[in-house]
Amino acid sequence: MSTVTKNSAHNFRVAMLDQQGSYAHWSNDARASGLNWDFVRYDTLEHLKNQLEEQVFDAVIVPCSMRAMVDIDLMSKVAKVQPGAVRIFLGTEYWNASMKARAAEVAHRIFPGDTQIQELKDTLEYQIKLIRLLNRSSLQSYITNVGCLPSPPRIYRMLTDALTSEVADMSAVSEIVEQDPAIVAQVMKQVNSSFFGFEREISNLKEAVSILGLRNIRSMALSNQLNKQFSEDKHWDMFSFEKIHQRSLSVGRLAQAIARRAGASKAVQDQSFLAGLLHDIGILIMASHDPVQYKKLLNYSAKKQKPIYLVEKAAFGFFHGEVAGAMLALWNLPPQVVEAVMLHHVPHLSVSTEFTPLTAVHVADAMLPSIDVQGECDLASSLSLRYLDQVGVMEEVPQWRLVANEYRVRMVSNI
């Protein structure tokens, strides 16, 4: 059985699981608040699942129960069946850290259980707008034309399956990593870098995997696969793709450190690392697809002293953050990772007032120097004080600059 609140002025539809009838008043609240929603409540899990197959929703809201895996499996189904729907959990407060981390993999946002419908308005409308931007035909056509894979690389999918498995251990993860010697080499290089500062050399892959953690390993595997897929043309001379890779690793590490210092959850820290690793992959996609045209854009950016993302936007109607975001969304990567990659140059477009991976990646990208680009085009972000004030972290900026200086030194040392 379902309850529907309709209004001819509504322009998107929201489905909600409400097995106990606890949210019956939301229908009236939506009407009273003038929300542009067709609000639909379902009182059984099976009814909602069936309707996901038959109707299109712009958002799905799931209040959390004590059966965490049932709720997470439901939201995973939403992601597969209706990837264009915003996914929101209400009330993960009583879940353990592992379940919260899994919830963060599939949900766009997680709100407290006592949240009222009016408090969701700005977030829902903002998230729906982002999804529509990523799904517009011109951008999707470009993604298809540049040869992006229809699904994430196999190793990433296998590591994701291991992450969601109840029985996977470090030995199983090591066996997955061993299937790609390039990833093994990257893992061993990173764990033995002076970043970790071990007095002895780590030579055992299982130990290295244990030190780095499954989510970080998965992030590095995806980054490594993408860097191989989008490589520089032999005649390319504007900048080094390898330098982009190295800087992205520094951005990822710094973003993770900033998230940790901000007291963010482990899930947000890990997502900050992944988003930092991938934040400039859109540049490599565009530069490898049409080197001649992208070289012209870089030269124009340097000559006019305009940020490269604005030059891309003028030329294509979208910029490299959107290109990467569209590809990652197609692969159902964590929504907050997609958001951080998409908006790292323009974080002020976010309506969030909380620290998210976008905050960490934007700050890290802005505080680390750009790589050398012929013509002196600056590829890094400019720190948005407006956005940082919106999130309420302005007082943290001096400390973050000190941390960033340490990473700056490491970049110079090619660590």
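Bear in mind the structure is a predicted one, so any value in this text is a computation, not a measurement. By convention here, each chain's residues receive numbers from 1 onward along its written sequence. In view of the model being predicted, local features appear only for residues whose pLDDT reaches at least 70, and side-chain atom pairs are presented and counted only at 80 or more, with totals across whole chains, interfaces and linings using the full set of residues. Side-chain metrics rest on all non-hydrogen atoms present in the structure, leaving aside hydrogens and water.

Peer 1: Looking at this structure, I do not really get the environment of Ile244. What am I missing?
Peer 2: Relative to the helices and strands, Ile244 is located in helix α12 (residues 241–261). Judged by its relative accessible area of 4%, Ile244 is buried. Through-space distance from the C-alpha of Ile244 to that of Gln55 is 43 Å; in sequence the pair is 189 residues apart. A contact between two residues is defined here by any heavy atoms of the two lying within 4.5 Å. Once residues within four sequence positions are removed from consideration, Ile244 is found in contact with Phe239, Asp280, Leu284, Ile371 and Leu379. Segments assigned H or I by DSSP are reported as helices when at least four residues long, segments assigned E as strands when at least two residues long, and all are numbered from the N terminus. Exposed residues in this analysis have more than 50% of their type's maximum accessible area, buried residues have under 20%, and partly exposed residues fall in between, with area computed by a 1.4 Å probe over protein chains only.

Peer 1: Even after reading the chapter, I still don't get the packing of aromatic side chains, so can you show me in this structure?
Peer 2: Ring pairs (aromatic) are described by centroid distance and by the angle formed between their planes. The criterion for an aromatic pair is that two Phe, Tyr or Trp rings (for Trp, the six-membered ring) have centres within 6.5 Å, with stacked assigned to planes under 30 degrees apart, edge-to-face to planes over 60 apart and tilted to the rest. Applying the stated criterion across every chain, the model contains 13 aromatic pairs. An angle of 85° between the planes, with centres 6.3 Å apart, marks the rings of Tyr42 and Phe57 as edge-to-face. Taken together, the positions of Tyr42 in strand β3 (residues 37–42) and Phe57 in the loop between α2 (45–54) and β4 (59–63) put the pair 15 residues apart, joining distant regions of the chain. Here Tyr42 falls in the buried class, since its relative accessible area comes to 2%. Through pairs of rings, three or more aromatic residues link up here, namely Tyr23, Trp26 and Phe39.

Peer 1: Would you take a moment to explain the pattern of salt bridges for this structure?
Peer 2: Here the idea is simple: oppositely charged side chains can pair when their charged atoms come close. Salt bridge, as applied in this entry: a Lys or Arg side-chain nitrogen positioned within 4 Å of an Asp or Glu carboxyl oxygen. Inspection of every chain in the model, using the stated rule, returns 13 salt bridges. Linking Arg215 and Glu105 is a salt bridge whose minimum nitrogen-to-oxygen distance equals 3.5 Å. Linking Arg215 in helix α11 (residues 214–229) with Glu105 in helix α4 (residues 97–106), this pair joins segments that are 110 residues apart in sequence. Across the pair Glu322 and Lys313 runs a salt bridge, and its minimum N-O distance is 3.4 Å. A residue is classified by how much of its surface remains accessible, and Glu322, at 2% relative accessible area, is buried. Judged by its relative accessible area of 34%, Lys313 falls in the partly exposed class. Residues joined by salt bridges that share partners form a network here, namely Glu105, Arg215 and Arg218.

Peer 1: What exactly am I supposed to notice about the confidence of the model for the protein here?
Peer 2: Summing up the model confidence of the protein, the mean pLDDT is 90 and the portion of residues at 70 or higher is 94%. When pLDDT is averaged over each helix and strand of the protein, the minimum, 44, is found for strand β1 (residues 2–5) and the maximum, 98, for helix α19 (residues 357–367). Predictor confidence is given residue by residue as pLDDT, running from a minimum of 0 to a maximum of 100. Per-residue pLDDT stays below 50 along residues 1–10; that stretch engages in 27 contacts with residues further than four places along the chain or on separate chains.

Peer 1: Is there a simple way to think about unusual backbone geometry in this case?
Peer 2: Negative phi characterises most residues that are not glycine, and trans characterises most peptide bonds. Residues other than glycine seldom take positive phi values, yet Gln305 does so here, at roughly 55°. Relative to the helices and strands, Gln305 resides in the loop between α15 (291–304) and α16 (308–316). A residue is classified by how much of its surface remains accessible, and Gln305, at 66% relative accessible area, is exposed. Positive phi, normally seen in glycine, also occurs at Asn332, with a value near 60°. A relative accessible area of 31% means that Asn332 is categorised as partly exposed.

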